Amino acid sequence: ETAVHSQTILSSLQILVGLLHLGNIRFLEAEDESHPCEVEGYAQDAAETSSRLLKVPVEHLLETLRIRMIIAGKQQQVFKKPCSRAECETRRDCLAKVIYAKVFDWLVSVINGSIYADSSVWSNFIGLLDVYGFESFPENHLEQLCINYANEKLQQHFVSHFLKAQQEEYATEGLEWSFIKYQDNQSCLDVIEGNPISIFSLMNEECRLNRASNASQFQTRTEIALSGNKCISWDKFSKKPNFIVAHYAGSVCYQVEGMIENNKDPVPPELVLLLQQSQDALLQKLFPASATSQQTNQNSIKTQAKPVVVTVVSKFKGSLEKLMEILNSTTPHYIRCIKPNADCVAATFRKDKVLRQLEACGIVETINISAASFPIRISFRSFVERYKVLKKSRQHTRRAAQIGNGCSHHVENGWTPTQDDGDRFQSAVQDILQEVHLDASLLQPAEKKSCNKAMHCGKTKVFLTHSMLELLEARRAQALDERAFCIQCCWWRFKRRKQAKQRQAATALQSAVRAWLARRRFQKLRKAAMVIKRTWRKWKAKIDMLAEEELDDVEGKPFFSEGIISSGQALSELEKSGTPRAIIQFWPLGLVLSNTPMILGRFQRDLTFLACLQILRCDHHHSARTKTLERGIASVRALPQGSVKFHCKKSPLLYADTRPHSHASPRTGFNQILLDNHKLLTA
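Quantities reported herein were computed from a predicted structural model and do not represent experimental measurements. (Residues numbered from 1 in each chain as written. Predicted model: local features only at pLDDT ≥ 70, side-chain atom pairs only at ≥ 80, totals over all residues. Heavy atoms only, no water.)

Undergrad: Can you help me understand the sheet that holds strand β10 (residues 461-464) in this one?
TA: The pairing of strands in a sheet happens through backbone hydrogen bonds and is either parallel or antiparallel. With antiparallel pairing, three strands are arranged side by side in an open sheet as β7-β10-β9. Lying at the two open borders of the sheet, with one neighbouring strand each, are β7 (376-379) and β9 (455-457). Put simply, the sheet's adjacent strands are angled 15° from each other on average, direction ignored. Of the strand pairs in this sheet, β7 and β10 are connected by four bridges, and their pairing is antiparallel. Looking at the pairing, Ser379 lines up with Lys461 of β10. The strands touched by helix α16 (residues 380-387) within the sheet are β7 and β10, with β7 carrying the most contacts at an inclination of about 90°. (Pairing = 2+ DSSP bridges. Helix = DSSP H or I, 4+ residues; strand = E, 2+ residues; numbered from the N terminus. Axes fitted to C-alpha atoms, helices over the stretch in contact; angles between N-to-C directions. Contact = heavy atoms within 4.5 Å.)

Undergrad: How do you make sense of the pattern of salt bridges when you look at a structure like this?
TA: Two side chains with opposite charge may pair up if their charged atoms get near one another. Counted by the stated rule, this structure contains 16 salt bridges. Residue Arg92 pairs with Asp93 through a salt bridge whose shortest N-O separation is 3.2 Å. Look at Asp93 and you get partly exposed, because its relative accessible area is 37%. Residues Glu385 and Arg381 are paired through a salt bridge, measuring 3.3 Å at the closest nitrogen-oxygen approach. Taken together, the positions of Glu385 and Arg381, both in helix α16 and four residues apart, correspond to about one turn of that helix. (Salt bridge = Lys/Arg side-chain N within 4 Å of Asp/Glu carboxyl O. Buried < 20%, exposed > 50% of the residue type's maximum accessible area, 1.4 Å probe, protein only.)

Undergrad: Could you clarify how one ought to interpret the packing of aromatic side chains in this entry?
TA: Given two aromatic rings, one states the distance between the centres and the angle between the planes to describe the pair. Taken as a whole and assessed by the stated rule, the structure comprises eight aromatic pairs. Measuring from ring centre to ring centre gives 5.2 Å for Tyr149 and Phe200, while their planes differ by 80°; the resulting arrangement is edge-to-face. Residue Tyr149 is found in helix α5 (residues 142-173), and its partner Phe200 is found in helix α7 (residues 199-208); the two are separated by 51 residues along the sequence. Side by side, Tyr149 and Phe200 carry an identical accessibility label, which is buried. Residues Tyr149 and Phe316 carry aromatic rings whose centres are separated by 6.3 Å and whose planes lie at 55° to one another, so their mutual orientation is tilted. A residue pair is termed long-range when its members are at least 10 positions apart, and Tyr149 in helix α5 and Phe316 in helix α13 (residues 312-328) qualify at 167 residues. (Phe/Tyr/Trp six-rings, centres within 6.5 Å; stacked < 30°, edge-to-face > 60°.)

Undergrad: Can you help me understand the pairing of strand β6 (residues 250-255) in this one?
TA: Looking along a regular strand, one sees side chains alternate from face to face of the sheet. Pairing geometry for strand β5 (residues 242-247) and β6, over six bridges, is antiparallel. Directly across from Ala246, in β6, lies its bridge partner Ser251. What sits between β5 and β6 in their antiparallel hairpin is a turn of two residues.

Undergrad: What's the story with the nonpolar core in this structure? I'm lost.
TA: Note on soluble globular proteins: their nonpolar side chains tend to be buried together. Membership of the largest hydrophobic core comes to 33 residues, with the highest contact counts inside it found for Ile15, Ile25, Phe27, Leu65, Leu95, Ile99 and Phe287. Only α1 (6-22), α2 (43-54), α3 (58-66), α4 (85-115), α10 (269-276) and α11 (281-286) provide two or more residues apiece to this core. With sequence-adjacent residues up to four places away left out, Ile25 is seen in contact with Val39, Ala43, Ala46, Ala47, Leu65 and Arg92. With 32 residues, the next largest nonpolar core counts Leu202, Leu226, Met259 and Leu320 among its residues. (Core = buried A, V, L, I, M, F, W, Y, C linked by side-chain atoms within 4.5 Å.)

Undergrad: What should I look at first to understand the state of the cysteines in this one?
TA: Linking two cysteines covalently through their sulfur atoms gives a disulfide. Scanning all chains against the criterion turns up zero disulfides. For the unlinked cysteine Cys489, the closest cysteine sulfur is that of Cys486, found at 6.6 Å. (Disulfide = S-S within 2.5 Å.)

Undergrad: Looking at this structure, how should I read unusual backbone geometry?
TA: Among all residues save glycine, negative phi is the norm, and among peptide bonds the norm is trans. Residue Pro196 is bonded to the preceding Asn195 through a cis peptide linkage, with omega at 5°. Inspection of the secondary structure assignment puts Pro196 in the loop between α6 (186-193) and α7. Its identity is not glycine, yet Lys55 carries a phi of approximately 60°, on the positive side. Considering the arrangement of structural elements, one finds Lys55 in the loop between α2 and α3. Here Lys55 falls in the partly exposed class, since its relative accessible area comes to 37%. Backbone geometry at Cys344 places phi at a positive 55°, although glycine is not the residue there.

If you want it as structure tokens, here you go:
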């Protein structure tokens, strides 16, 4: 990669700024031809700034611009002649153009050197050519003539490449084609660059003559030499010498005055010597001293012979010919730009101007050829690859796919089509077109066939009109929609089946989890029931044991201590006393409590209790009541002294609160049993 040093970039920018200040130098008219022109007062600062940036002495700069050197005689005597104001401005502009051209060429060479690769590395390239277009101003000079000449050459290339090549292709493919006449601009190019007589040749001849140019004389010469060509004319009523060239984009009038001087584009040697004496490194590189010394030596040797003058039009013509060689060796594509109006106003189209540009650019001829022929040209292989989806038969589709795949495989390996391959492709194309229900007469290729149909099968390509292409694209879109719908159906069916399987799997998992949770809950409840059952049995056994022990203790004692008291008397005394007490000493109360059923109601439980005590008699003076004992507790061990309080404590058992009773109760389990006994005794 070629890198530009920062100091070199700064030097190039300084040179460009120096050129801007150089253009601000203005000169005054000289009082006498023997005295040089003076610089205007405000332009003196511009001259000093320009000389400082270009790194040349300001005195030497002004002297070079105002005084020219003349070498005359065999002795090569040098004379200095002051220049007029117009000549001073011309030399100033010439110096600026020379410096700018050198800097531009240097910059392009640096960029190309950094991005350019060796020709052995690459074989293809992409080039972009931007052409401004035709120029037609109130006054047109040599610059406009060169630009319009380049556009004429490009238009000729477009006509030759597109129109001629297209019609020749129809003839090669076997179509019966009537050639359309198109506008050829070769006569206009003959006027500008033709040999031996043309505008360029006459201008170069005028430049080679060692005499002052005369615009009227040059106009006369062109009238005499080019009067037989219809593409050039002259405005006889104009006071200024001119000539009019009929370009394909329109007629343009060119002014002859100053055209010869601009074509010479002379660079005085003293200007080049001034730049060689500059202290700037970039200017020294662009203007080496060896070139001038060699040129000076050649001039001193060949004093009698005139040096070959390279004019502007000669250099421009040579550069354009190189460009056309590159375009002819490539495959060009064109983009036509149309100017909608001359006022540069947005969204405004002038119909006459646009139509004139379309006609001038050859677009009208292109449209006529496209409308009268087949604008769509597709090779057999590309046609089969794109439209093989139109085949509904699997056998034909498979054959078309095999043909397309085989061709693609061969193309990758550097395969070139043969006659057999062309026949196979042609048969595949015919099968596809028959599927679209086309006329069979259109499908059979012939040596010569009229092009008034919608399509034609050539030798290597299929030629279609826009209507036929739209039909094929519509059928292709329909076929793709059907296949897309089939793919969607398969996808939705697969997705639904997958969702059903996932739903079944989720249901199975949920069932397994719920069964596991139910079994776990059942096991916990079973364990709790076993604990309650075991605890109840323990408590029952303990109560039975206590009852037996109390029964054993009672059996060893007398039933009456102070005489026998009848049950009726005991009951009457119990009813009469204000604070009833239990005076039962003849029956084990623990046994009664243990045998009392706890599932009965309160009234039934009291009756059972009284029945167990054998208190109820058949005497009519006594009746069974539900509330026999109000408070206190009776025991066979000892008579209670005063009131007895029964304290209940919550059972320490883990599942003591679980009770297998059906009715709701805030207290369950062993605590409820104790409370029931307490309520029974206190009732």
